[in-house]
Every structure is written in structure tokens, then in C-alpha cells.
Amino acid sequence: EDTHERSENESFELWSEQFLQRKEHELRRLTSEEAEKLQNDRDLVSEFKQLKLEREAQKNWDLFYKRNSTNFFKDRHWTTREFEELKACRKFEQQRLTILEAGCGVGNCLFPLLEEDPSLFVYACDFSPRAVDFVKQNPSYNAETCKAFQCDLTMDDLTDNIPANSVDVTTLIFVLSAVHPDRMHLVLQNIHKVLKPGACVLFRDYGLYDHAMLRFKSGSKLGENFYVRQDGTRSYFFTKDNLRCLFKKTGFEEVSNEYVFRETVNKKEGLCVPRVFIQSKFCKPQKQC
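Residues numbered from 1 in each chain as written. Predicted model: local features only at pLDDT ≥ 70, side-chain atom pairs only at ≥ 80, totals over all residues. Heavy atoms only, no water.

Student: Please explain the sheet that holds strand β8 (residues 221–223) as it appears in this structure.
Tutor: Hydrogen bonds between backbone groups are what pair the strands of a sheet, and the pairing can be parallel or antiparallel. Strand order in the open sheet formed by three strands is β8-β9-β10, with antiparallel pairing between adjacent strands. One side of each edge strand has no neighbouring strand; the edge strands of this open sheet are β8 and β10 (234–236). Ignoring which end each strand starts from, the neighbouring axes of this sheet average 25 degrees apart. Relative to strand β9 (residues 226–228), β8 runs antiparallel, the two being bridged by two bridges. Bridge pairing in β9 places K221 opposite Y227. (Pairing = 2+ DSSP bridges. Helix = DSSP H or I, 4+ residues; strand = E, 2+ residues; numbered from the N terminus. Axes fitted to C-alpha atoms, helices over the stretch in contact; angles between N-to-C directions.)

Student: Any chance you could explain the packing of aromatic side chains here in plain terms?
Tutor: The geometry of an aromatic ring pair is captured by two quantities: the separation of the ring centres and the angle between the planes. Scanning the entire structure with this criterion turns up 16 aromatic pairs. Their ring planes at 45 degrees and their centres at 6.4 Å tell us that Y206 and F277 sit as a pair that is tilted. With Y206 in strand β7 (residues 195–206) and F277 in strand β12 (residues 271–283), the pair connects residues that are 71 residues apart, well separated along the chain. Here Y206 falls in the buried class, since its relative accessible area comes to 2%. A centroid spacing of 6.3 Å and a plane angle of 75 degrees characterise the contact between F216 and F237, whose relative ring orientation is edge-to-face. One end of the pair, F216, is in the loop between α9 (211–215) and β8; the other, F237, is in the loop between β10 and α10 (240–249), with 21 residues separating them in the sequence. Assessed through its relative accessible area of 4%, F216 is described here as buried. (Phe/Tyr/Trp six-rings, centres within 6.5 Å; stacked < 30°, edge-to-face > 60°. Buried < 20%, exposed > 50% of the residue type's maximum accessible area, 1.4 Å probe, protein only.)

Structure below.
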């Protein structure tokens, strides 16, 4: 499996990211070849295998981290650039912000955030026990600034580890796409409980017609815009509309919701492929009805 399916921040020898990006409100247009490929890809993975993938989802992510350790993803130093709310949501200068990183992996976002702003307190949870162990083993891990714990966001109540209505901002970055579409609302309901009224979810994930989606071979499709990789991990590709609907149904208000277009370049092979992501901000209302 080519590793560049994973995220916009992966490191690998021949491919490099072009950091120029643009934000758009409309989906990118497919070429005729791309449209034909998607049109012809109608065969779904069997129900038996789909149920097996759901049962083994945690095991597959744990195996992913066993194979790749902490070496797969680059540290995400771009989060405060893309999401000024990670700083700007302070009500006063000395306020100690409480952040939830839902789906922290091995800490590629967590530790750059704490390095940039040591006054934060970050709750960090992940589906994979192995990933959480890697976070705790990191030399920068400090229980005074971070609490890492294993959590299935579709089943385990976040309030077992985080007080209700206590979090200033939540990051949900390349996480929701790995959850079965039928269970995504459970993740958002769970996060909603621990956010303060008026606090926001900062979201970034795969957008429809991203190159990773177009690369899936026949036999990988689980449902509409939903695919399985060779290692058993899964990925969903969002439109602005279905993301908006999902958040609104779980009690959030939309603040911003845009497609992000950028390109990945393979200089050796002379290839330039389109990446499509969604970057959004949804807030918990100040007053609950």
C-alpha cells in the first residue's frame, strides 16, 4: 500500500507537499476518466467482511501503530496557523486553556501544541491502546499538562475522564473519517458533552474526490464515499453538506465549512495529484434549548 493515502502530512521519500493551498466552497471537478472510474466502481465489500472490519477496527489501528511506531506521520506544526482559535479563544491573557484532542494518535499534534504554548492543558484520547502508550512514553509527556487515555469515542463516555462542560476547544483532525458513517454522530454527541457552551470543534479531514479516494482499487468500497485500505483501516470522504448535517443533528452550529485544495508532487515521476480536505469549525451553542 502506498503510504500517501494516509494524510496530508505524511512523509515519504519521493512525494512532497506543495504548501500553497486554496479554500473553496465548491467541490473540485472530476476529469472524465475519474468520473468513469467512480461510476464503474459499484461492487461493495460483502456484509460479512464489513461486520468483521467493524469488530476488528481497534485491532487494525493497533497493528498499524505496531508496524509504524511513531515514525509514520510528521508532527503537525500547522494547527495554530490554520486554527487561530487554539490561541484566540482565551477570554483573558493568562487563561489556561483546556483542549481535547480527540484521536491523538502518537502525539503529532499534541506535542507541537504544548511546545508552542506550555500553559495549555490537553486531554488526549485515541482508539488504539498502543498509540496512547506511545504518547505516555514520549519524553515531553507531563501529567501536569496532559492526560492521555484510551477511548472508543463511539462507545466510551468522555465524561469518565473529562468533566462535563469543561473543554475550551476540541480538535478532530483526520479522525472522524475512520469511523463508520452510522456511528459518527455518537462521536459528536460524546464531544458535545465535555465542551463548554460556546466552545468549538476544529475539524479537518478528507474531502470528496481527494486523490486517496480515487486511488482505491475495485473491491475496496464499503458504501457511499467509504472505503477500506489493505491494512483493514477505513476512510470516509466528506462533502460540506453531509458534514454540516451531521454536526447540526448533534447540536452544533456551523461557523465555517470549506474545502481545502492542495497538491502533492512526485518530482521523479513528474506527477502532480490533487488533494481535497475539509476544514471546518462548529460550535456548541451558548444556550441549550
